[in-house]
Amino acid sequence: MKIGIDKIGFYAPHIYVDMNKLAVARNVEPEKFTIGIGQSQMAVAPVTQDSVSLAANAALEIIDDEDREKIDFVIFGSESGIDHSKSGAVYVHQLLGLNPHARAIEVKQACYGATAGIQMAKGHIALNPDSKVLVLGSDIARYGLKTSGESTQGAGAVAMIISANPRIMELEEHNVYLTNDIMDFWRPIYSDMAFVDGKFSNEQYILFFNKVWEAYKEKAGLQLSDMEAICFHLPYTKMGLKALRTVLDEASEDVQNRLLYNYQASTTYNRNVGNIYTGSLYLSLLSLLENKEELQDGARIGMYSYGSGAVGEFFSGILQPGFKKHLFVEAHQQLFARRKEVSVEEYEVIFEETLPKDGSDIELDITKDPAAICLSGTIDNKRQYVNKLR
Ligand code: COA
């Protein structure tokens, strides 16, 4: 039985900062951000969007009534969850009006959470072929104003339905995974901002890639030439390129050129959204599918997932016949076209605007946020969400 991605949706907040202007404000050469880091725009989350609302908005565009009935498992991958106890999946389940007879959980392992969710979903579908699983990767990447990680922030979510006989990508066997206890990036319970050893995390990302790629080749009996493209977890678009370059000399010049060319398509969306942590790899896949017109049915796509701390995984998928018909290309083009640029000064004010930390109630102005699902405030320490479409 084929199991894989049946639908894939995406949402990013409606405002962004231009990286050239951020560079000027931070007194660095714009090329450092646009070429050295490889980012053009950075999505900024207003206070009316959190990881739950972003995920619900991403799922909203792909869910139909049949999905509402058949989804019996919601897996919320996040490292910027809103509660230490209750899962974001339970909120999303309610906001989307899903069948009550469903499981709903949150999965955490830095940027690896959504991949863990997909692999769990695969097992669930193998045992329950008639059901569907909603896997969410949703995050707001915050390192802090004027920090070295600032240029690698972002916000957004990807939502995927995993099912039997998937219409977009069948997930293949031969996954290879790796865990090692390292401190390259972490966020202690008391801190809103991540701690990161940037250079070390870059090194480990590449080291993990090299190890899982070597083991994958042996296990699957496949090589670079079997891959139409490789999608990477993208904290910033230069990162995946650095990893790809370490293995390119294994292939002929034609294959090298193909992988480098397709890498561009697989980074277009990420370049204009920034890091969305757990969703980043899947945003890269979406970017490839929606920006590379010549992509053929049956093509094999390599997928490299990395979550600091650290867990890495390499797996692959096969694009299904007619997959293009099941993408939401126009909706995503509109999403990008309708976004508004904010100045660096405005971004700084928005960045500092957070919910009260003393438990007091707050009512947020959601009229400025065009998203269908917004965080409207807190009452008695409980987050309040509004689905404007209901
Ligand atoms: N034109 C072109 N490139 C330039 C440049 C210019 N004028 N100035 C600098 N660069 C390049 C540097 O050469 C470097 O490229 P390289 O890594 O290929 O050598 C790149 O821009 C970044 O410069 P660097 O000095 O390393 O930046 P930094 O000290 O500000 O840190 C990160 C960059 C990514 C390490 C930092 O933003 C960070 O810690 N981010 C969060 C962690 C993260 O995303 N980790 C990834 C693994 S999950």
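Quick caveat: nothing in here was measured; it's all calculated off a predicted structure.

**Quick notes on the pattern of salt bridges**
(1) Moving on: The full count for this structure, using the stated rule, is 17 salt bridges.
(2) Moving on: Residues arginine 383 and aspartate 50 are paired through a salt bridge, measuring 2.8 Å at the closest nitrogen-oxygen approach. In this pair, arginine 383 sits in strand β18 (residues 382–387) while aspartate 50 sits in the loop between β3 (41–44) and α3 (51–60), placing the two residues 333 residues apart along the sequence.
(3) Moving on: Judged by relative accessible area, which is 25%, arginine 383 ranks as partly exposed.
(4) Moving on: Overlapping salt bridges, with partners in common, bring together Lys7, Asp64, Glu66, Asp67, Lys70 and Lys132 in one network.

**Re the site of the ligand**
(1) Moving on: Taken together, 18 residues lie around the ligand, and Glu29, Ser148, Lys199, Ser201 and Lys242 are the ones closest in.
(2) Moving on: Residue lysine 238 places a side-chain N or O atom 2.9 Å away from an oxygen atom belonging to the ligand.
(3) Moving on: The contact in question runs from an oxygen atom of the ligand to an N or O atom on the side chain of lysine 242, over 2.4 Å.
(4) Moving on: For the ligand, the accessible surface in isolation is 970 Å², of which the surrounding protein chains cover 72%.

**Things to note about the packing of helix α8 (residues 237–245) against helix α9 (residues 253–265)**
(1) Moving on: Relative orientation of the contacting elements α8 and α9 amounts to 165°, with a least axis distance of 11 Å. The pairing of α8 with α9 is recorded here as roughly antiparallel in orientation. Handedness of the α8/α9 crossing: right-handed. Between α8 and α9, the contacting residues are Thr237, Gly240, Leu241 and Leu244 on the first element and Leu259, Leu260 and Tyr263 on the second.

**Examining the domain arrangement of the protein chain**
(1) Moving on: By domain assignment, the protein chain separates into domain 1 (3–169 + 327–387) and domain 2 (171–321).
(2) Moving on: In this structure, domain 1 and domain 2 have C-alpha centres spaced 20 Å apart.
(3) Moving on: Across the contact, 59 residues belong to domain 1 and 49 residues belong to domain 2.
(4) Moving on: The junction of domain 1 with domain 2 conceals about 4400 Å² of combined surface from both sides, 59% of it contributed by carbon and sulfur atoms.

**A look at the environment of serine 80**
(1) Moving on: Residue placement: serine 80 occurs in the loop between β4 (71–77) and α5 (88–96).
(2) Moving on: Residues serine 80 and asparagine 210 lie 130 residues apart in sequence; the distance between their C-alpha atoms is 28 Å.
(3) Moving on: Setting aside its immediate chain neighbours within four residues, serine 80 contacts Ser51, Ser138, Asp139, Ile140 and Arg187.

**Overview of the state of the cysteines**
(1) Moving on: Under the definition given, this model contains zero disulfides.
(2) Moving on: The thiol of cysteine 231 is not disulfide-bonded; the next cysteine sulfur, from cysteine 111, is found 16 Å away.
(3) Moving on: With a relative accessible area of 0%, cysteine 231 lands in the buried category.

**Considering the sheet that holds strand β2 (residues 15–18)**
(1) Moving on: What the three strands build is an open sheet, ordered β3-β2-β15; its pairing is mixed. Single-partner strands in this sheet number two, and they are β3 and β15 (340–341).
(2) Moving on: The pairing of β2 with β15 spans two bridges and is classified as parallel. Opposite tyrosine 16, over in β15, you have glutamate 341 as the bridge partner.

**Here we look at helix α11 (residues 280–291)**
(1) Moving on: Here α11 spans 16 Å end to end across 12 residues, near enough to the 16 Å set by a 1.5 Å rise per residue.
(2) Moving on: Judged by how many residues are buried, α11 sits mostly within the fold: 11 of 12 residues are covered.
(3) Moving on: For α11, every residue scored as buried is listed here: Ser280, Leu281, Tyr282, Leu283, Ser284, Leu285, Leu286, Ser287, Leu288, Leu289 and Glu290.

**Topic: unusual backbone geometry**
(1) Moving on: The residue after glycine 309, namely alanine 310, is reached through a cis peptide bond having omega 5°.
(2) Moving on: Residue placement: alanine 310 occurs in the loop between β13 (300–307) and β14 (311–319).
(3) Moving on: Phi is positive for alanine 110, close to 45°, though the residue is something other than glycine.
(4) Moving on: Residue placement: alanine 110 occurs in the loop between β5 (103–107) and α6 (113–127).
(5) Moving on: Judged by relative accessible area, alanine 110 falls into the buried class, the value being 9%.
(6) Moving on: With a phi angle near 70°, histidine 174 is a residue other than glycine that sits in the positive phi range.
(7) Moving on: Mapped onto the elements, histidine 174 comes out in the loop between β8 (169–171) and β9 (176–179).
(8) Moving on: The partly exposed category is assigned to histidine 174, whose relative accessible area is 35%.

Thresholds applied
- Residues numbered from 1 in each chain as written.
- Predicted model: local features only at pLDDT ≥ 70, side-chain atom pairs only at ≥ 80, totals over all residues.
- Heavy atoms only, no water.
- Salt bridge = Lys/Arg side-chain N within 4 Å of Asp/Glu carboxyl O.
- Helix = DSSP H or I, 4+ residues; strand = E, 2+ residues; numbered from the N terminus.
- Buried < 20%, exposed > 50% of the residue type's maximum accessible area, 1.4 Å probe, protein only.
- Near = heavy atom within 4 Å.
- Polar contact = N/O pair within 3.5 Å; in protein donor to acceptor, adjacent residues only side chain to side chain.
- Areas by Shrake-Rupley, 256 points an atom, 1.4 Å probe, with all protein chains shown as cover.
- Axes fitted to C-alpha atoms, helices over the stretch in contact; angles between N-to-C directions.
- Parallel < 35°, antiparallel > 145°, perpendicular 65-115°, else oblique.
- Left-handed = near helix turned anticlockwise from the far one by under 90°.
- Contact = heavy atoms within 4.5 Å.
- Domains from an automatic or database assignment.
- Buried area = accessible area lost by both parts, 1.4 Å probe.
- Disulfide = S-S within 2.5 Å.
- Pairing = 2+ DSSP bridges.
- Expected span 1.5 Å × (residues − 1).

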